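# Secondary and tertiary structure notes
Spelled out, the chains give:
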Amino acid sequence: MLNRRALLQGTAGFAVLGLSSGNALAKTAARGSINAAEVGVQPDTADDQSKAFARMLAEASERNAPVFLPPGNYVVSNLTLPARVRLSGVPGASRVLYGGGGRLLTAEQAEHLEFTALVFDGASGSLADDAQGLLDLRRVAHLVIDNCMITGSGKHGLALEHASGRVERSDISGAADAGIYSVEAGGLEISGNTVSDCGNGGILVHRWQQAEDGTIVSGNRVQRIGARSGGTGQNGNGINAFRAGNVSIIGNIVSDCAFSAIRANSSSNLQITGNTCSRSGETALYSEFSFEGAVIANNIVDGAANGISIVNFNEGGRIGICSNNIVRNLSTTGPYPADAPGFGVGISVEADTTVTGNVIENAPLYGMQIGWGAYMRNVVATGNIIRNAGTGIAVTVVEGAGNAIISDNVIDGARNGAIIGQRWAEPATGDLAKSSDTGYAHLTVERNRVS
């Protein structure tokens, strides 16, 4: 029988063998890689390194070999990437600088692009008219961008078209347009990044036509996003989905955006869950226009012109769940003169939607708005807390509006009434919370607690 000492002595040899094998594998991998300094690509020189860089990447692609970029500054421009690139460096120290003249890096029909621990600096230089971003990568079968910095782009920081893969743990800042712009993605994940100080948008997930996209946007920090190109919502959003179906936006921290923290336009089967949104200039969380299916749940909104909107039944926007959110500290002031009824609404919904378990505090216009004119159908608002609002709940009583149930809510400190029927933007009833008979066949109002 083996005793403990004999067993330990025997397995020690295996441990040493395993360690030795690991070292051998590491050395083999190192021998198989290309060191940029050894193939004529030199850091910290005044010379443009574009031609040498292109030769190096072409050789690496042909050999299917990785490339290591030693610390230093490398001035390049107008590089068209080969089919396979695996380029890595020293975090914060291996810097690829845009030398001007049109574009930094572009790719078309690439098989595998992988950038790790690199800095891409556009120095806020102008880009060619047909360049979408500092890194302009199109039709990439497998993309990995990890632990990189992308800064100072004259357009988008990272522009992706028909890309699959992941963008993670990277810092994108100072883009004149959006930090990350993705169109027509296929199985893309954008996670754990910091996107900041961009002129028109943070993370954009778009499609040319409405279709399934499936991008996951999770765990990112998005902050200080402007709207330098103006508009009423197409710019200035921290995270924006447009025509992109089956998108999940989960666990992000979004602050100080000129318009929405998270805005989805014509995006069906959408999930916006577990995000923290602070100081939004317009509506913090938005699902609008022609969508079917939106879950907005477990988010925190602190500071915005409007809190959460799931609207545009007139455009086919319907089917939603708005649950377990905290919405507070809203304002009547937004980035443009408001259409009726104005800013300062906690939660707005219109069609085939449940609103449950939310807490709304300090909504100066309405705590909740249910329907708009004739545009309301099948809304249930139950189990919510509304505190310190202008009107607690405003619900449409315009002819043609569909059914709504408003029950078991707690409404505390609504200055203009707890539950008021509205004809568009104008009050049309007394406080409906005072009687179970509303006088409107499409409304059920019961068991609400008002103080």
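Here we summarise the structure given alongside this text. Owing to the predicted nature of the structure, the values given are computational and were not obtained by experimental measurement.

### So, the packing of aromatic side chains
Evaluation of the coordinates by the stated rule reveals five aromatic pairs. Measuring from centroid to centroid gives 5.5 Å for Phe115 and Phe120, while their planes differ by 85 degrees, and the two rings are edge-to-face. Taking relative accessible area as the criterion, Phe115 reaches 1% and is therefore assigned buried. Between Trp372 and Trp424, the aromatic rings sit 5.4 Å apart at their centres with planes inclined by 85 degrees, giving edge-to-face as the arrangement. With Trp372 in the loop between strand E33 (359-370) and strand E34 (377-382) and Trp424 in the loop between strand E38 (419-423) and strand E39 (426-431), the pair connects residues that are 52 residues apart, well separated along the chain.

### Points about the side chain of Asn265
Take Asn265: it is sitting in strand E22 (residues 262-265). Judged by its relative accessible area of 17%, Asn265 falls in the buried class. Non-local contacts of Asn265, meaning those with residues more than four positions away in its chain, are made with Ala241, Phe242, Arg243, Glu288 and Phe289.

### Regarding the pairing of strand E7 (residues 105-116)
As defined by bridge partners, strand E4 (residues 79-80) adjoins E7 across two bridges and the pair is classed as parallel. In the strand pairing of E7, Thr80 is matched with Thr106. With five bridges joining them, strand E5 (residues 84-89) and E7 adopt parallel strand pairing. By the bridge assignment, Val85 is partnered in E7 with Leu113. In this structure, E7 lies alongside strand E9 (residues 133-146), joined through 10 bridges in parallel fashion. Within E9, the residue paired with Leu113 across the bridge is Leu143.

### Here we look at the nonpolar core
Across soluble globular proteins, you tend to see nonpolar side chains buried next to one another. Counting 104 residues, the largest nonpolar core has Phe53, Leu113, Phe115, Phe120, Leu137 and Ile370 as its most contacted members. Top element by residues in this core is E9. It accounts for six residues. Excluding its chain neighbours within four sequence positions, the residues that come into contact with Leu137 are Leu81, Thr106, Ala107, Leu113, Phe115, Leu143, Ile145, Leu158, Ala159, Leu160 and Glu161. Ranked by size, the runner-up nonpolar core spans five residues in total, among them Ala159, Ala178, Val183 and Leu204.

### A look at unusual backbone geometry
That bond from Ala340 to Pro341 is cis: its omega, 10 degrees, falls within 30 degrees of zero. Secondary-structure assignment places Pro341 in the loop between strand E30 (326-330) and strand E31 (345-349). The backbone phi angle of His162 is positive, close to 55 degrees, even though this residue is not glycine. Structurally, His162 is set in strand E11 (residues 156-168). By relative accessible area, which is 24% here, His162 ends up partly exposed. Despite not being glycine, Asn329 shows a phi value in the positive range, around 60 degrees. Inspection of the secondary structure puts Asn329 in strand E30.

### Thoughts on the state of the cysteines
This structure, assessed with the given rule, holds zero disulfides. Cys257 provides the cysteine sulfur closest to Cys198, a residue in no disulfide bond, and the two sulfurs are 10 Å apart. There is no disulfide at Cys277, and the cysteine sulfur nearest it, in Cys257, is 8.4 Å away. Residue Cys277 is classed as buried on the basis of its relative accessible area of 0%.

Reading the values: the criteria
- Residues numbered from 1 in each chain as written.
- Predicted model: local features only at pLDDT ≥ 70, side-chain atom pairs only at ≥ 80, totals over all residues.
- Heavy atoms only, no water.
- Phe/Tyr/Trp six-rings, centres within 6.5 Å; stacked < 30°, edge-to-face > 60°.
- Buried < 20%, exposed > 50% of the residue type's maximum accessible area, 1.4 Å probe, protein only.
- Helix = DSSP H or I, 4+ residues; strand = E, 2+ residues; numbered from the N terminus.
- Contact = heavy atoms within 4.5 Å.
- Pairing = 2+ DSSP bridges.
- Core = buried A, V, L, I, M, F, W, Y, C linked by side-chain atoms within 4.5 Å.
- Disulfide = S-S within 2.5 Å.

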